[in-house]
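What follows is the residue order along each chain.
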Amino acid sequence: MIRKETLLKEMNEHRKTIRVATWKAFKRNKISLLSLIVILSVSALSTVGIVYSPYNPYQPNFSGALMPPSLAHPLGTDWLGRDILSRLIAGGKYTLGLAFVAILIGATIGTFLGLASGYYLGLVGTIIQRVSEIFLILPTLIIAALFAAVLGTGLLSTLLAIAIPTIPVYAKLVHSAALRVRNEDYVEAARLLKKSGPYIMFNHILPNILHVVIVQTTYYMGTGILTVSALGFLGLGVPSPTPEWGTMVGDAKDYIFSYPFVVFIPGILIAVVVVAFNILGDGLREALDPKLRRLL
Amino acid sequence: MLEAVVNRMLQAIITFIGVILLVFFLIRVLPGDPARLIAGFEARPEDVQNLRHLLGLDKPLPLQFVDYMLSLLKLNLGISYKTGGPVLNEILARLPYTAELAVVAEAIAVFAGVSLGIIAGLKPRSFAGYLVSIFGIIGSSFPSFLIALLLIWVFAVQLHVLPAFGAGSIQQLILPAITLALLLTGNIARLVKSSVIESLSTNHVTTAMAKGLSDEKIIFRHILRPALSPVITIIGIQFGSLMGGAVITETIFGWPGIGRLMVDSIFSRDFMLLQGIIVVFAVIFLVVMISVEILQTIIDPRYKEVYKMK
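Position labels on residues start from 1 in each chain and follow its written sequence. Following the order in which they are written, the chains are lettered starting with A and the ligands numbered starting with 1. Since the coordinates come from a predicted model, pLDDT governs what is reported: local features require at least 70, and pairs of side-chain atoms require 80 or more to be given and counted, while whole-chain, interface and lining totals use all residues. Side-chain metrics in this entry use all non-hydrogen atoms of the structure; hydrogen atoms and water are not considered.

**So, the overall build of chain A**
Quick reminder of the rule: Secondary structure follows DSSP: runs of H or I at least 4 residues long count as helices, runs of E at least 2 residues long count as strands, and numbering of each begins at the N terminus. Any pair of residues with heavy atoms lying within 4.5 Å of one another is described as a contacting pair.
Helices and strands together make up the secondary structure of chain A, namely eleven helices and zero strands. Helices and strands in chain A line up, N terminus first, as α-α-α-α-α-α-α-α-α-α-α. Considering only C-alpha atoms, chain A reaches an extent of 75 × 40 × 30 Å along its principal axes. Counted over contacts in chain A with a minimum sequence separation of 6, partners at least 24 positions apart contribute 73%.

Structure, rendered in structure tokens:
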């Protein structure tokens, strides 16, 4: 009994060392640290936007339409006189929120399927792989547009249009990652101890491939945001007057000749957030890679 | 080798049938009566009934699917709900525009990406090295509509040198093609750059230098050639995002290709047309994928070994 407790203690200490080392490795890269700060502040503002924005994001004010940035309206007003900053703050929960929830759903289901097909080889695995291929042959935006066409525009259909094509991406990724570790000694040991399949999948395989999933999810948040906003831009996503950022660009695009800031402010915000997610993904990949970490 | 190619094609056909299965049943889930849509809302009920029977829409779904697959073999993609004409004709009328745009964009991207990648690979810390990173970020993170609108703003609104809309002339092709090329250039450049850096450290380049071969000869023979194979792979992989980008780009620039036709078909609820477009997309993707794999075995002898092993 004493032996087991010491072992557990040692294991926990080892885990802590790894966490500290990962954070140290991540902190080294100042650009990815900056990206994390950008993402956290935009997410915080969008969370605040659920309950508060400086002006009403929907209320037109025709006397103050198309005003350039000023003290009262830091990012100006659009063609209906709505405060652009308020619309961006209120719209974050659509653009970021939808992408986040959709990717989370898709990633969870896909990871589960990938684990199952990676652990239990055979017919189930083959079927999952074949179905994944069907989805992966078509580009994300075209699949999302197809689902939007079938489900109609709106929050739920945009959510599904992004979540469903995400499932096969994760299923394939986790499947091949699980294949790499399924014959490791610790999995073999757990099998000898007569642990159940699901127990081994979640307690032995998943923790050892989790870093792959985390990095992929960071990159995929960027993809998700691009897809939400592209659908919104085309008029196939969250419909106006909802201030989803892509919808805002799509609605404003005719003003590019006279009042370009109305078009570019939401567009550039989307780009900044996606750039941040991609740089964060690079930083996390380096920090979480066990091979790279050993060199530090 | 031949066996492997045939095997690959069989796999592609299975995937293709899967795509059609997915699209077909997804679209049949929709509420609404296609026969009513084609006939128009003023049509008499018996006419609608006749049309439904004529189009085979009164048969059970699995039978309809078999019918659709059989008509595909005869290159028949069905009848457009909106115009009543064959879907294939509408797609074929638009396809050359998308092909033109895609080929020009890919050519710009390959030319810019390969040259930038070589320069950056030879001198990683130079300005070209940073340009590769910047193009990489633009390609992976910028929404394509933002790139398109920025180009319109600079070249059409500010400089008045290029038109912002329409198709037909070379001037009208430039902005949409550059928009799409910008989505691809960074990836190609990054790949060529790392391939060049890798080649520079190999023995045969050192030998070539020691033999006193001219720089041009070394670059073309020993550095460019090994970089070619990954570039072809990436062109195949990027083809999907090229078509995804074409949907947005064609919509913004009013370019009458199949990307825009797809968006229009969704808005006009012409689902037979939408289904046809996806089928055509799937064929194109599979053909590109297989051609890339075959091209690679020709260019890169190492792939032959891989095929033999399989």
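**A few points about the overall build of chain B**
The condition that has to hold: For every residue, the accessible area obtained with a 1.4 Å probe (protein chains only) is divided by the maximum for its type, and the residue is called buried under 20%, exposed over 50%, and partly exposed between those limits. What sets the accessible areas is the Shrake-Rupley method with a 1.4 Å probe; for residues, cover comes only from the shown protein chains. We count Lys and Arg on the positive side and Asp and Glu on the negative side, and we leave His and both chain ends out. Lysine's charge is taken at NZ, arginine's at CZ, aspartate's at CG and glutamate's at CD.
Each helix and strand in chain B was counted, giving 13 helices and zero strands. Ordering the α and β elements of chain B from the N terminus gives α-α-α-α-α-α-α-α-α-α-α-α-α. Structurally, chain B occupies a C-alpha span of about 85 × 60 × 30 Å along its principal axes. Counting over 310 residues, chain B shows a buried share of 47%. Intrachain contacts of chain B at a sequence separation of at least 6 include 72% that bridge at least 24 residues. Per element, the accessible surface of chain B, about 15600 Å² overall, is 68% carbon and sulfur. When the 23 positive and 19 negative side-chain charges of chain B are each reduced to one mean point, those points stand 8 Å apart.

**Structural notes on the confidence of the model for chain A**
When pLDDT is low, close inspection of the predicted coordinates is not appropriate. The line we're drawing: Per residue, pLDDT captures the predictor's confidence, and it can take any value from 0 to 100.
In the predicted model, chain A carries a mean pLDDT of 89, and 97% of its residues have values of at least 70. Mean pLDDT in chain A bottoms out at helix 11 (residues 290–294) of chain A, which sits at 57, and peaks at helix 9 (residues 245–252) of chain A, which reaches 95.

**Thoughts on the pattern of salt bridges**
So the rule is basically this: By definition, a salt bridge exists where a carboxyl oxygen of Asp or Glu is found within 4 Å of a side-chain nitrogen of Lys or Arg.
Overall, the coordinates contain nine salt bridges over all chains when judged by the stated rule. Ionic pairing is found between Lys-59 of chain B and Asp-67 of chain B, a salt bridge with its closest N-O pair at 2.8 Å. Of the residues examined, Lys-59 of chain B reaches a relative accessible area of 36% and is grouped as partly exposed. Each of Asp-78, Arg-82 and Arg-87 of chain A takes part in one network of salt bridges that share partners.

**A short note on empty space enclosed by the protein**
Residues and elements named next belong to chain A. For the record, the criterion: Cavity means a closed set of points on a 1 Å grid over the protein atoms alone, one where a 1.4 Å probe fits but cannot get out, pocket means an open set with protein on both sides within 12 Å along at least 5 of 7 lines, and lining means a residue has an atom within 4 Å of a point. Grid points are joined across faces, edges and corners, and a volume is the space filled by probe spheres set on the points. Residues are sorted three ways: Asp, Glu, Lys and Arg are charged, Ala, Val, Leu, Ile, Met, Phe, Trp, Tyr, Cys and Pro are nonpolar, and all the rest, Gly among them, are polar.
Under the definition given, this model contains two cavities of 30 Å³ or more. A volume near 60 Å³ is recorded for the largest cavity. Lining of the largest cavity is provided by Asp-78, Trp-79, Arg-82, Ile-84, Arg-87, Met-248, Asp-251, Ala-252, Val-262 and Pro-266. Secondary structure elements with two or more residues in the lining of the largest cavity: helix 3 (84–119), helix 9 and helix 10 (260–288). Split by residue class, the lining of the largest cavity holds six nonpolar, no polar and four charged. In this model, the second largest cavity occupies a volume close to 50 Å³. Taken together, Ile-103, Thr-140, Ala-144, Ala-161, Ile-162, Pro-165, Thr-166, Tyr-220, Thr-223, Gly-224 and Thr-227 form the lining of the second largest cavity. Of all the secondary structure elements, the ones that give two or more residues to the lining of the second largest cavity are helix 5 (140–151), helix 6 (155–181) and helix 8 (197–234).

**Some details on the side chain of Glu-90 of chain B**
Residues and elements named next belong to chain B. Stated formally: Polar contact is the term for a pair of N or O atoms within 3.5 Å; when the atoms are in protein, one must be able to donate a hydrogen and the other to accept it, and sequence-neighboring residues count only if both atoms are side-chain atoms.
Here Glu-90 shows up in helix 5 (residues 87–122). Although Glu-90 is buried, it forms no salt bridge, and the closest oppositely charged side chain is Arg-94 at an N-O distance of 6.3 Å. Polar contacts involving the side chain of Glu-90 include one to the side chain of Ser-80, which spans 3.5 Å. Dropping the residues within four chain positions of it, Glu-90 is found in contact with Ser-80, Thr-83, Leu-261 and Leu-273.

**Describing the side chain of Ser-229 of chain A**
Checked against the element boundaries, Ser-229 of chain A lands in helix 8. A polar atom in the side chain of Ser-229 of chain A sits 2.9 Å from the backbone oxygen of Ile-225 of chain A. Only 3.1 Å separates the side chain of Ser-229 of chain A from the backbone oxygen of Leu-226 of chain A, close enough to count as a polar contact. Setting aside residues no more than four positions away along its own chain, Ser-229 of chain A makes contact with Glu-244, Gly-246 and Ile-270 of chain A together with Phe-145 of chain B.

**Notes on the interface of chain B and chain A**
This is how the line gets drawn: In this description, buried area is defined as the sum, over both parts, of the accessible area (probe of 1.4 Å) that is lost when the two are combined.
Contact residues are listed per partner, giving 42 residues for chain B and 36 residues for chain A. In total, about 3400 Å² of surface goes out of reach between chain B and chain A, with carbon and sulfur atoms giving 87% of it. On the chain B side of the contact with chain A, Leu-26, Phe-145 and Leu-149 of chain B bury the most area, a combined 16% of that side's loss. Counting the contacts that link chain B with chain A gives two residue pairs in polar contact (both at pLDDT 80 or more).

**What about the packing of helix 11 (residues 258–267) of chain B against helix 12 (residues 271–299) of chain B?**
All names here are of chain B. This is how it is decided: Here an angle of 0 to 180 degrees is reported between the N-to-C directions of two axes, which are lines fitted to C-alpha atoms, with helices fitted over the stretch in contact. We call two directions roughly parallel when the angle between them is under 35 degrees, roughly antiparallel when it is over 145, roughly perpendicular when it lies between 65 and 115, and oblique otherwise. Handedness of a helix crossing follows the sense of rotation of the near helix relative to the far helix, less than a right angle counterclockwise being left-handed and clockwise being right-handed.
Put simply, helix 11 and helix 12 touch, their axes get as near as 9 Å, and they point 150° apart. Compared by their axis directions, helix 11 and helix 12 come out roughly antiparallel. Read as a crossing pair, helix 11 and helix 12 show a hand that is left-handed. Contacts between helix 11 and helix 12 involve Ile-258, Leu-261, Met-262, Ser-265 and Ile-266 from the former and Leu-273, Leu-274, Ile-277, Ile-278 and Phe-281 from the latter.

**Focus on the nonpolar core**
What counts, and what does not: We call a set of buried Ala, Val, Leu, Ile, Met, Phe, Trp, Tyr and Cys residues a nonpolar core when their side-chain atoms join them within 4.5 Å.
Membership of the largest hydrophobic core comes to 163 residues, with the highest contact counts inside it found for Ile-205 and Ile-225 of chain A together with Ile-91, Ile-252, Met-262, Leu-274 and Ile-278 of chain B. Ranked by residue count, the leading element in this core is helix 8 of chain A, at 17 residues. Setting aside residues up to four positions removed in sequence, Met-262 of chain B forms contacts with Ile-142, Ala-145 and Leu-146 of chain A together with Leu-274, Ile-277, Ile-278 and Phe-281 of chain B. By size, the runner-up hydrophobic cluster in this structure holds five residues, among which are Leu-116, Ala-120, Val-132 and Ala-189 of chain B.

**Topic: the environment of Ala-90 of chain A**
All names here are of chain A. Here Ala-90 shows up in helix 3. Considered as a pair, Ala-90 and Asn-61 are 29 residues apart in the sequence and their alpha carbons are 17 Å apart. The residues touching Ala-90, leaving out its near neighbours within four places in the chain, are Gly-49, Pro-57 and Pro-243.

**Here we look at the packing of aromatic side chains**
Heads up, the rule is: In this scheme Phe, Tyr and Trp rings, the latter by its six-membered ring, pair at centre separations within 6.5 Å, and the angle between planes marks the pair as stacked below 30 degrees, edge-to-face above 60, and tilted otherwise. For a Lys NZ or an Arg CZ to count as sitting over a ring, it must be within 6 Å of the ring centre and within 35 degrees of the ring normal.
Scanning the model with the defined rule gives 14 aromatic pairs over all chains in all. Ring geometry for Trp-23 of chain A versus Phe-26 of chain A: centroids 5.9 Å apart, planes at 25°, classification stacked. Taken together, the residues span about one helical turn, with Trp-23 of chain A and Phe-26 of chain A both in helix 1 (residues 2–28) at a distance of three residues. Here Phe-26 of chain A falls in the buried class, since its relative accessible area comes to 4%. A centroid spacing of 5.9 Å and a plane angle of 75° characterise the contact between Phe-264 of chain A and Trp-153 of chain B, whose relative ring orientation is edge-to-face. Taken together, the residues Phe-264 of chain A in helix 10 and Trp-153 of chain B in helix 7 (residues 144–158) connect one chain to another. The rings of Phe-24, Phe-25, Phe-65 and Tyr-68 of chain B are connected pair by pair, giving a single aromatic cluster. Over the aromatic face of Tyr-119 of chain A sits the side chain of Arg-182 of chain A, whose NZ or CZ is 6.0 Å from the ring centroid.

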